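Single-letter residue listing:
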Amino acid sequence: MKNLFKTLILLVIFMFSINSSFAFSAVKLDKLLKKTDLNETATVAISIRNADNNAVIFEQNQKKLLHPASSLKVFTAYPSLEVLGYDYYFKTQFYKDSSNNLYIKLGADPLLTSAQLKQAVLKIKEQGCKSFKNLYIDDSIIDKKEFAPGWMWDDVINPYTPKVSSYNLDKNTVKVNLTQTSDNAISASVKSSYPISVISVVNSSAKNEYLDINRYNWLNPDVVEIYGNIKSAKTVEIPVSNMRRYFIHTLSKALEDNGISVSGTSFASKLVPNNAELIEEISNPIINAVPLILQNSNNLMAESIYKLASAQKYTATGSDELSTLMFKEFYQKNGINTESIIVKDGCGVSRNNLVSVDWMTAALNMLYKMKDFEKFQDNMAQPGDGTLLNRLLDLRGDVWLKTGSLSNISAITGFVKSQDGHTYSVAILIQNFNQPQADIKKFEDEIINIIYNR
């Protein structure tokens, strides 16, 4: 009886110490939030839960629907990978039928490069294929909507937000070299034979370095204007305006360079017939794209696998609508209601996305208990990786986080293994602020450190 009483006393003391620790952290967080002036002008939403028992540790504005930016990638990449699998390969395949027609079946491979395309054409030549009757392209794997709903018109010139299609090639961008000439001027040259014109009004200046890049799609989508000052030579990436044309241009040049001719119809869209023979294939493993999504926040990779997963799941042409259906079915199946949120793309760029931090931590805790979550977590950013390259460096090995940034929007979500031995899910969404992004990121880091040191 004495031993039982002693055990109960120790249990009460233990529970009290845990609750005191929770309260202590909450006091620190509350003090931090009162100290900042962010609450006066911006919306700061925070949700922190115990990942093991789902207990709420701290919350503020937890139900408000806000823009998740790229933190959304955690929640779209997981169901995409569940469908595709970590052993999935993006494939670009070349077929020949009995009438000597060449078919290229596109795989919307976000890792595909011009070098790989040229090498495949060379291998076809080495098989003795010198001419074809017709050349067709099967581009049916995903739809032809190059931007998801809610993407902004000025995103078309952002190299981090290229268009997405079956014709993915070279990150869907071309490189422009800005170099200093002998008379101290700056010249621009395109590192591609793709027909794009660059108007450069860039000066050499050791002060006030900046670049402003514009493309007026309603006038001429293949003319780019670059203004500004640079201190030294630079290479900038420009999103391709017409990816089909870029792909065909690169392929045509590879065929020409290898002396392969096509006598009839060229590049018309057509499905590969069942009796066609596979003669060459380019493949890239999806596992190479996963860290680019979760660590480097690559929008092209995220959007491509999101659509490809819906294509595979429903045996149809991948689309935004089917991807949204896949997303909802996955979370509903696993007990997370999606009726209160809006998700329109796979990368978080769409301004139509709306989620709450309460939903995010609930979803994180569900994912945390999935049997293969460890593999997913291993690909998430830790301090020193990708978008966390210079953040929270003393917490490496104890935090796995996904950041997000858009104009006047900042986000961070993931897991913190604190000094009390528990793992906590955290979601922070901050928007409508006018302070520098760097200051907001420091504020987020303060919150993460409080959770870790609790």
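Caption draft 1: Structural detail: the overall build of the protein chain. Broken down by element type, the protein chain carries eleven helices and 18 strands. The principal-axis extents of the C-alpha atoms in the protein chain amount to approximately 95 × 60 × 35 Å. Here the protein chain, with 454 residues, has 52% of them falling under the buried criterion.

Caption draft 2: Inspection of the pairing of strand β18 (residues 423–431) at higher detail. Here β18 lies mainly inside the structure; nine of its nine residues are buried. Pairing of strand β1 (residues 43–50) with β18 involves eight bridges; the strand directions are antiparallel. Directly across from Ile46, in β18, lies its bridge partner Ile428.

Caption draft 3: Region of interest: the pattern of salt bridges. Going through the model one piece at a time under the given rule, you end up with 16 salt bridges. Asp138 is the salt-bridge partner of Lys105, the closest N and O atoms lying 3.5 Å from each other. Taken together, the positions of Lys105 in strand β4 (residues 102–105) and Asp138 in strand β6 (residues 135–138) put the pair 33 residues apart, joining distant regions of the chain. Taking the relative accessible area as the measure of exposure, Asp138 reaches 3% and is therefore buried. Residue Lys171 pairs with Glu237 through a salt bridge whose shortest N-O separation is 3.1 Å. Here Glu237 lies in strand β12 (residues 234–239) and Lys171 lies in the loop between β6 and β7 (173–180), a separation of 66 residues in the sequence. Since its relative accessible area comes to 22%, Glu237 is described here as partly exposed. Because the salt bridges share partners, they merge into one network encompassing Arg49, Lys63 and Asp358.

Caption draft 4: View of the packing of helix α7 (residues 299–314) against helix α8 (residues 320–333). Packing of α7 against α8 leaves a shortest axis separation of 8 Å and a crossing angle of 80°. Considering the angle they form, α7 stands roughly perpendicular to α8. From α7, Glu303, Tyr306, Lys307, Ala309, Ser310, Lys313 and Tyr314 reach across to α8, where they touch Asp320, Leu322, Ser323, Thr324, Leu325, Met326, Phe327 and Glu329. Classifying every residue of the contact of α7 with α8 by side-chain character gives seven nonpolar, three polar and five charged.

Caption draft 5: Representation of the pairing of β7 in the model. With six bridges joining them, β7 and β12 adopt antiparallel strand pairing. By the bridge assignment for β12, Lys175 is matched with Glu237. Here β7 runs beside strand β8 (residues 186–190); their pairing, made up of five bridges, is antiparallel. Bridge pairing in β8 links Thr179 to Ser187.

Caption draft 6: Here's a closer look at the sheet that holds β7. Strand order in the open sheet made by the three strands is β8-β7-β12, with antiparallel pairing throughout. Looking at the sheet topology across the chains shown, the edges are occupied by β8 and β12. Here the average twist between neighbouring strands, direction ignored, is 25°.

Caption draft 7: Just the side chain of Asp143, in detail. Mapped onto the fold, Asp143 is located in the loop between β6 and β7. Sequence-distant contacts of Asp143, defined by excluding residues within four places in its chain, comprise Lys307, Thr317, Gly318, Ser319 and Asp320.

About the cut-offs
Residues numbered from 1 in each chain as written. Predicted model: local features only at pLDDT ≥ 70, side-chain atom pairs only at ≥ 80, totals over all residues. Heavy atoms only, no water. Helix = DSSP H or I, 4+ residues; strand = E, 2+ residues; numbered from the N terminus. Buried < 20%, exposed > 50% of the residue type's maximum accessible area, 1.4 Å probe, protein only. Pairing = 2+ DSSP bridges. Salt bridge = Lys/Arg side-chain N within 4 Å of Asp/Glu carboxyl O. Axes fitted to C-alpha atoms, helices over the stretch in contact; angles between N-to-C directions. Parallel < 35°, antiparallel > 145°, perpendicular 65-115°, else oblique. Contact = heavy atoms within 4.5 Å. Nonpolar A, V, L, I, M, F, W, Y, C, P; charged D, E, K, R; others polar.

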